[in-house]
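Understanding the architecture of this molecule
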Amino acid sequence: MKRVNVVKTSRVLVAALAVVVGSAAAAMLPQAQSTSSLEQRIAPIGKVRVAGATPVAESGSQQARAGDAVYKQFCAACHTSGVLNAPKLNDAADWEPRLAQGMDTVLRHAIEGYNAMPAKGTCGNCSDDEIQAAIDYMIAEL
Ligand code: HEC
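Notes on the structure in this doc start here. (Residues numbered from 1 in each chain as written. Predicted model: local features only at pLDDT ≥ 70, side-chain atom pairs only at ≥ 80, totals over all residues.)

A short note on the overall build of the protein
In terms of helices and strands, the protein carries 6 helices and 0 strands. Burial analysis of the protein (142 residues in total) assigns 15% to the buried set. Long-range pairs, those at least 24 residues apart, make up 61% of the contacts in the protein between residues at least 6 apart in sequence. (Helix = DSSP H or I, 4+ residues; strand = E, 2+ residues; numbered from the N terminus. Buried ≥ 20, exposed ≤ 12 C-beta atoms within 10 Å, placed from the backbone. Contact = placed C-beta atoms within 7 Å.)

Structure (structure tokens):
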């Protein structure tokens, strides 16, 4: 009789252990997956293309915004007064050491973010070309 009880108890323990291990594994699963696979899973199922219509850019904008428009809407808040050491609009002393890195590096920093410079300068739906245009606008009068 006592032996049966022991067997029953250990069965319950094994079942409880399985539940704990199972839920721990489930809790760990989302962390193990990369952001890109997450993005794939939450992406829209299909994209509609209407015959004869001009394809709309991934960013959702109809056509590329001009550099000054992007600058005024997204970059001016920091780059006009030089918040947190942001290189100021058309300020040669601010820009020269940065441009010395090469435009590829400067553009990459603007797109990916760099210290207090937020990725894409907070213009999340800006294309790389629109970011480049905004940079060109900021250094046009150097
Ligand atoms: C929240 C403030 C903020 C906004 C908004 C912002 N920037 Fe910046 N940006 C900074 C700061 C701060 C730096 C300097 C970062 C450093 O050198 O540590 C910087 C640096 C840069 C640089 C120089 C990168 C380098 O390699 O030296 C570029 C180019 C740039 N920003 C472009 C832009 C563009 C384009 C926009 C708008 C689309 C924008 N920023 C919006 C704060 C901002």
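As for helix 3 (residues 67-79)
If you check helix 3, its first and last C-alpha atoms are just 14 Å apart, much less than what 13 residues at 1.5 Å a residue would give, namely 18 Å. Of all bends in helix 3, the biggest is about 55°, found at Gln73. Within helix 3, burial applies to Gly67, Val70, Tyr71, Phe74, Cys75 and His79. Lining the buried residues of helix 3 we find helix 6 (128-138). (Expected span 1.5 Å × (residues − 1). Bend = angle between axes of the 7 residues up to and from the residue.)

So, the site of the ligand
Taken together, 28 residues lie near the ligand, and Cys75, Cys78, Asn115, Met117 and Gly121 sit nearest. Mapped onto the shell around the ligand, the elements with two or more residues apiece are helix 3, helix 5 (103-112) and helix 6. Of all the elements, helix 3 adds the most residues to the shell around the ligand, at 6 residues. In terms of residue class, the shell around the ligand is made up of 19 nonpolar, 8 polar and 1 charged. (Near = placed C-beta within 6 Å. Nonpolar A, V, L, I, M, F, W, Y, C, P; charged D, E, K, R; others polar.)

With respect to the nonpolar core
One finds Val70, Tyr71, Ala134, Ile135 and Met138 to be the most contacted residues of the largest nonpolar core, which totals 14 residues. Those elements that provide at least two residues to this core are helix 3 and helix 6. Per-element accounting of this core gives the leading share, 6 residues, to helix 6. (Core = buried A, V, L, I, M, F, W, Y, C linked by C-beta atoms within 7 Å.)

Observations regarding the packing of helix 5 against helix 6
Helix-helix packing: each pair is described by the crossing angle between the helix axes and the interaxial distance. Remark: helix 5 packs on helix 6, axes separated minimally by 10 Å, with the N-to-C direction vectors making an angle of 115°. In the crossing of helix 5 with helix 6, the sense of the turn from one axis to the other is right-handed. Mapping the contact onto sequence places Val106, Leu107, Ala110 and Ile111 in helix 5 and Asp128, Ile131, Gln132 and Ile135 in helix 6. Across the contact of helix 5 with helix 6, the residue classes tally to 6 nonpolar, 1 polar and 1 charged. (Axes fitted to C-alpha atoms, helices over the stretch in contact; angles between N-to-C directions. Left-handed = near helix turned anticlockwise from the far one by under 90°.)

Section: the environment of His79
When you line up the elements, His79 lands in helix 3. Residue class for His79 comes out buried when judged on the 23 C-beta atoms lying within 10 Å of it. A sequence separation of 42 residues divides His79 from Gly121, and the C-alpha atoms of the two residues are 9.9 Å apart. Here His79 is in contact with Ala86, Pro87, Lys88, Leu89 and Met138, once residues within four sequence places are set aside.

Structural notes on the environment of Asp94
For Asp94, the location among the structural elements is in helix 4 (residues 92-99). A sequence separation of 12 residues divides Asp94 from Gly82, and the C-alpha atoms of the two residues are 9.2 Å apart. Apart from residues lying up to four places away in sequence, Asp94 is in contact with Gly82, Pro87 and Lys88.

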